[in-house]
Amino acid sequence: MLEAIRTRRSIRRFKPDPVDDETVERILEMGTWAPSGLNNQPWKFVVVRGEEVRRELARQTKYGHILESAPACIAVFLDADESYDRTKDAQAIGACIQNMLLTIHHLGLGAVWLGEILKNRKSVEKILGVPESCELMAVIAFGSPAASGGGGARKALMDVVLAWK
Ligand SMILES: Cc1cc2nc3c(=O)[nH]c(=O)nc-3n(C[C@H](O)[C@H](O)[C@H](O)COP(=O)(O)O)c2cc1C
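Attention in this report is confined to the structure presented alongside it. (Residues numbered from 1 in each chain as written. Predicted model: local features only at pLDDT ≥ 70, side-chain atom pairs only at ≥ 80, totals over all residues. Heavy atoms only, no water.)

Re the site of the ligand
Reasoning step 1: Looking at the ligand, the residues that line it are Arg8, Arg9, Ser10, Arg12, Tyr63, Ile66, Val112, Trp113, Leu114, Gly115, Glu116 and Arg154.
Reasoning step 2: Take Ser10: an N or O atom from its side chain is 2.6 Å from an oxygen atom of the ligand.
Reasoning step 3: Glu116 places a polar main-chain atom, nitrogen or oxygen, 2.9 Å from an oxygen atom of the ligand.
Reasoning step 4: Out of a free accessible area of 630 Å², the ligand has 64% covered by protein chains. (Near = heavy atom within 4 Å. Polar contact = N/O pair within 3.5 Å; in protein donor to acceptor, adjacent residues only side chain to side chain. Areas by Shrake-Rupley, 256 points an atom, 1.4 Å probe, with all protein chains shown as cover.)

Some words on the sheet that holds strand E1 (residues 43–48)
Reasoning step 1: One open sheet accounts for four strands, arranged E1-E2-E4-E3; its pairing is antiparallel. Only two strands of the sheet have a single partner each, and these edge strands are E1 and strand E3 (110–114). On average, each strand axis in the sheet is inclined to that of its neighbour by 25°, with strand direction left out of account.
Reasoning step 2: In terms of strand pairing, E1 meets strand E2 (residues 72–79) through six bridges, oriented antiparallel. Bridging across to E2, Val48 finds its partner in Cys73.
Reasoning step 3: Its contacts with the sheet place helix H6 (residues 121–128) against E1, E2 and strand E4 (134–143), and it is angled at close to 75° to E4. (Pairing = 2+ DSSP bridges. Helix = DSSP H or I, 4+ residues; strand = E, 2+ residues; numbered from the N terminus. Axes fitted to C-alpha atoms, helices over the stretch in contact; angles between N-to-C directions. Contact = heavy atoms within 4.5 Å.)

Description of the environment of Gly110
Reasoning step 1: Tracing the backbone through its elements, the reader meets Gly110 in strand E3.
Reasoning step 2: Judged by relative accessible area, Gly110 falls into the buried class, the value being 3%.
Reasoning step 3: Placed 103 residues apart in sequence, Gly110 and Thr7 show a C-alpha to C-alpha distance of 11 Å.
Reasoning step 4: Once you skip the residues sitting within four places of it in the chain, Gly110 turns out to touch Ile11, Phe14, Ile104, Ala141, Phe142, Gly143 and Pro145. (Buried < 20%, exposed > 50% of the residue type's maximum accessible area, 1.4 Å probe, protein only.)

A few points about the pattern of salt bridges
Reasoning step 1: Counting across every chain of the model gives eight salt bridges.
Reasoning step 2: Here Asp21 makes a salt bridge to Arg49, at a shortest N to O gap of 2.5 Å. Of this pair, Asp21 sits in helix H2 (residues 21–32) while Arg49 sits in the loop between E1 and helix H3 (51–58), placing them 28 residues apart in sequence.
Reasoning step 3: Asp21 sits in the partly exposed class, given a relative accessible area of 47%.
Reasoning step 4: Across the salt bridge formed by Glu125 and Lys122, the nearest N and O atoms sit 3.8 Å from each other. In this pair, Glu125 and Lys122 both sit in helix H6, three residues apart, roughly one turn of the helix.
Reasoning step 5: The class for Glu125 is buried, based on a relative accessible area of 9%.
Reasoning step 6: Classification of Lys122 by relative accessible area gives exposed; the value is 54%.
Reasoning step 7: Each of Lys44, Asp79 and Glu82 takes part in one network of salt bridges that share partners. (Salt bridge = Lys/Arg side-chain N within 4 Å of Asp/Glu carboxyl O.)

Considering the packing of H3 against H6
Reasoning step 1: Closest axis-to-axis distance for the H3/H6 pair is 10 Å, and the angle between their directions is 165°. In terms of orientation, H3 lies roughly antiparallel with respect to H6. In terms of crossing hand, the pair formed by H3 and H6 is right-handed. Judged by residue contacts, Val53, Glu56 and Leu57 of H3 engage Val124, Ile127 and Leu128 from H6.
Reasoning step 2: For the contact of H3 with H6, the residue count by class is five nonpolar, no polar and one charged. (Parallel < 35°, antiparallel > 145°, perpendicular 65-115°, else oblique. Left-handed = near helix turned anticlockwise from the far one by under 90°. Nonpolar A, V, L, I, M, F, W, Y, C, P; charged D, E, K, R; others polar.)

Treat this as a map of the structure, not an account of what it does.
Written as structure tokens, this is what we have:
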């Protein structure tokens, strides 16, 4: 597990190889094992593999080339109908997304968490036809990697640990 956490990197170029249903289901299921406040599981998902819809989504972000290259993506939503505390629900969804990224990595695939697309979240919600209660939190683009990730430089612990008492 530690190796998976340490070696996962954002992948932004993909081979066209399709991702099968079983693989998508496994990724989603692992996402749902994330912790959530009161175990309210506030996440909802839309899986997109069709080329036409992916192209439409691609137009909503300056990272559209990534969505066009990826054979699959998962849009992740916070469902206000399941919400009890916005901050905690958003944190739970972050944990859910990280679970999915790590699962994708474990399966030998690659992924990137796309957040810039949130600037057009209303358009994305309309394109995907989600209920009013669902707010876009991120889009995960994934597939077989066609390039390796970046170096993934991290700040030194001494720069992020404020105190050790
Ligand atoms: C909230 C959030 C939003 C992000 N949005 C984007 C994005 O819109 N486009 C992109 O290429 N990468 C995006 N990323 C990926 C980050 O750039 C990446 O995780 C960071 O540079 C560290 O690299 P690594 O994932 O390879 O360790 C996002 C990551 C997070 C957590």
